[in-house]
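Listed below are the residues making up each chain.
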Amino acid sequence: MAEPDVVRMMREFGAGVLAEEEKQFAAMVKVWLEVERSLEGQMSALALEIERARDAGIMVSMEQVRKWERFQRLLGEAKREVTKYEKYAEVMISGRQKELVEAGWANAEEAVRLARPADWQEFIGALPVKALENMVGLGGDGSPLAALLAKASEDSGVGLMRSLTQAVALGWNPAKTARAMADGLAGGLDRALLIARTEQMRVLRESARMGYQSSGVVVQYKRIASISPRTCLACLLSDGQLYDVTTDFEEHPAGRCGLVPVVVGVAEPQWETGRQWLLNQPDAVQQDFMGVKAWEAWRVGEVTLDEMVTRHEDGVWGRYLTPTGITELLGRG
Ligand SMILES: [Zn+2]
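## Comments concerning the nonpolar core
- The biggest cluster of nonpolar side chains holds 42 residues, and the ones touching the most others in it are Tyr 212, Met 290 and Met 308.
- Among the secondary structure elements, those contributing two or more residues to this core are α1 (5-55), α3 (69-115), α7 (187-215), β1 (218-224), α8 (233-238), β3 (258-263), α10 (283-290) and α11 (292-299).
- Broken down by element, this core gets its largest block of residues, five residues, from α8.
- If we ignore the near neighbours within four places in the chain, the residues touching Met 308 are Leu 233, Leu 237, Met 290, Ala 294, Trp 298, Val 303, Thr 322, Pro 323, Thr 324 and Leu 329.
- By size, the runner-up hydrophobic cluster in this structure holds 38 residues, among which are Ala 47, Ala 53, Met 161 and Met 181.

Here you go:
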């Protein structure tokens, strides 16, 4: 099936956004490594102190380590460094949000023009300043990015403690212990990247949806997934689904789907949906996406593809969809 111009354009746009994101994430990882490096000496020193105590015949417990001055100093320093990183991430993410709100708006106009080339004269117009203010620097729950990013510090602290507790209990050598601490600390980085992906893509989609709405010629939109091995089953199976333009996009953290406009008086843009694509794949590929157990249940007719997608409605985070958990899926019926 040849894809309409608007669909091709949306796919290219989506790929461009992801390529930019990849560069941004590489930069964020690089700065994180500086955080790690600045704490390396203290983490190694603590790991050595644990070993020295053991060598001296002391049964080292986490309870004891917590009281050590060296540990307290490391914890304090880690908190300071990760908090600095949060500030950096906040500036980075809100800057990117601003760009994406503008890009989403411009892209919406381009998409409407492509979907309705013959008599399209009206332009969507300028992006309302209010829209920028309502989206940039905020998370999907309406709280400031800074508040969301504060969770990165918590994750770092929790990760560090978990690794250290394990290292002490299992008697790991100093090198392994120090490495585990750094890995635990990196929970903060993971959180920051998740927030970046989620909150940047959200404002991009919301801006596009608002653009469509303000065009006056778009009444519905179709969700479009980028199909790759990383695409989750829920997004794959919902590819091509129609929504009223006034309906918020149903996404989940880290989602990468986009919106194709359906213009009044023009046939709906069609493409091979993720569902159709999946049905044409060999068993092994279908199993990769569904999981073997769900695939087997589906093949014998115990569950449907629709049942593999669960819709959620959350008072704080809004509407989103996820793949149905295997326990819930097989417990159905
Ligand atoms: Zn998904």
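The structure having been displayed, the exposition proceeds.
## Some thoughts on the domain arrangement of the protein
- Each assigned domain of the protein is listed with its residue range as follows: domain 1 (5-216) and domain 2 (220-333).
- Each of domain 1 and domain 2 has a C-alpha centre, and these two points are 26 Å apart.
- Tallying the contact residues gives 22 residues for domain 1 and 25 residues for domain 2.
- Buried surface at the junction of domain 1 and domain 2, summed over both partners, amounts to about 2100 Å²; 69% is from carbon and sulfur atoms.
- For the pair domain 1 and domain 2, the number of links is two salt bridges.
- Counting residues per element, the ones that place at least two in the side of domain 1 that touches domain 2 are α1, α3 and α7.
- In terms of residues, the side of domain 1 that touches domain 2 owes the most to one element, α7, which gives ten residues.
- When the residues that make up the side of domain 1 that touches domain 2 are grouped by side-chain class, the tally is eleven nonpolar, three polar and eight charged.

## Some words on the packing of aromatic side chains
- The full count for this structure, using the stated rule, is six aromatic pairs.
- Each ring, one from Tyr 221 and one from Tyr 243, has its centre 5.3 Å from the other, and the planes form 20°; the classification is stacked. Taken as a pair, Tyr 221 in strand β1 and Tyr 243 in strand β2 (residues 242-244) lie far apart in primary sequence, 22 residues in all.
- Judged by its relative accessible area of 0%, Tyr 221 is buried.
- Under the relative-accessibility criterion, Tyr 243 is labelled buried at 5%.
- Chaining the aromatic ring pairs together yields one cluster made of Trp 32, Tyr 85 and Tyr 88.
- The ring centre of Trp 172 lies 4.4 Å from the NZ or CZ of Lys 176, which sits over that ring.
- Over the aromatic face of Trp 271 sits the side chain of Lys 222, whose NZ or CZ is 5.2 Å from the ring centroid.

## Regarding the coordination of the zinc ion
- Coordination of the zinc ion by the protein is provided by Cys 232 (SG), Cys 235 (SG) and His 252 (NE2), with metal-donor distances spanning 1.9 to 2.1 Å.
- We note that the donor set of the zinc ion lies within a single chain, spaced as C-x2-C-x16-H. Pair check on accessibility: Cys 232 and Cys 235 agree, each one buried.

Rules used throughout
Sequence order as written defines residue numbering, which begins from 1 separately in each chain. Side-chain atom pairs in this predicted model are given and counted only at pLDDT of 80 or more, local residue features only at pLDDT of at least 70, and totals for whole chains, interfaces and linings cover all residues. Here the side-chain values reflect all heavy atoms present in the structure, with hydrogen atoms and water set aside. Throughout this description, the term nonpolar core refers to a set of buried Ala, Val, Leu, Ile, Met, Phe, Trp, Tyr and Cys residues connected via side-chain atoms within 4.5 Å. Buried, partly exposed and exposed residues are distinguished by accessible area as a fraction of the type maximum, computed with a 1.4 Å probe on protein chains only: under 20%, between the cut-offs, and over 50%, respectively. Put simply, DSSP H or I for four residues or longer makes a helix, DSSP E for two residues or longer makes a strand, and each gets a number counted from the N terminus. The contact definition used throughout considers only heavy atoms, calling two residues in contact when any of these lie within 4.5 Å. An automatic or database domain assignment supplies the residue ranges for each domain. Summed over both partners, the accessible area (1.4 Å probe) lost when two parts come together is defined as the buried area. Any carboxyl oxygen of Asp or Glu within 4 Å of a side-chain nitrogen of Lys or Arg constitutes a salt bridge here. Gly is put with the polar residues, along with every residue not named as nonpolar or charged; the nonpolar set is Ala, Val, Leu, Ile, Met, Phe, Trp, Tyr, Cys and Pro, and the charged set is Asp, Glu, Lys and Arg. Here the aromatic set is Phe, Tyr and Trp, taking the six-membered ring for Trp, and pairing holds for ring centres within 6.5 Å; pairs whose planes are under 30 degrees apart are stacked, those over 60 apart are edge-to-face, and all others are tilted. A positively charged side chain is recorded as over a ring if its NZ (Lys) or CZ (Arg) lies within 6 Å of the ring centre. The angle to the ring normal must also be within 35 degrees. Distances up to 2.8 Å from the metal define which N, O and S atoms are donors, and 3.2 Å serves for Na, K and Ca; water is absent from the atom set, so sites may look incomplete.

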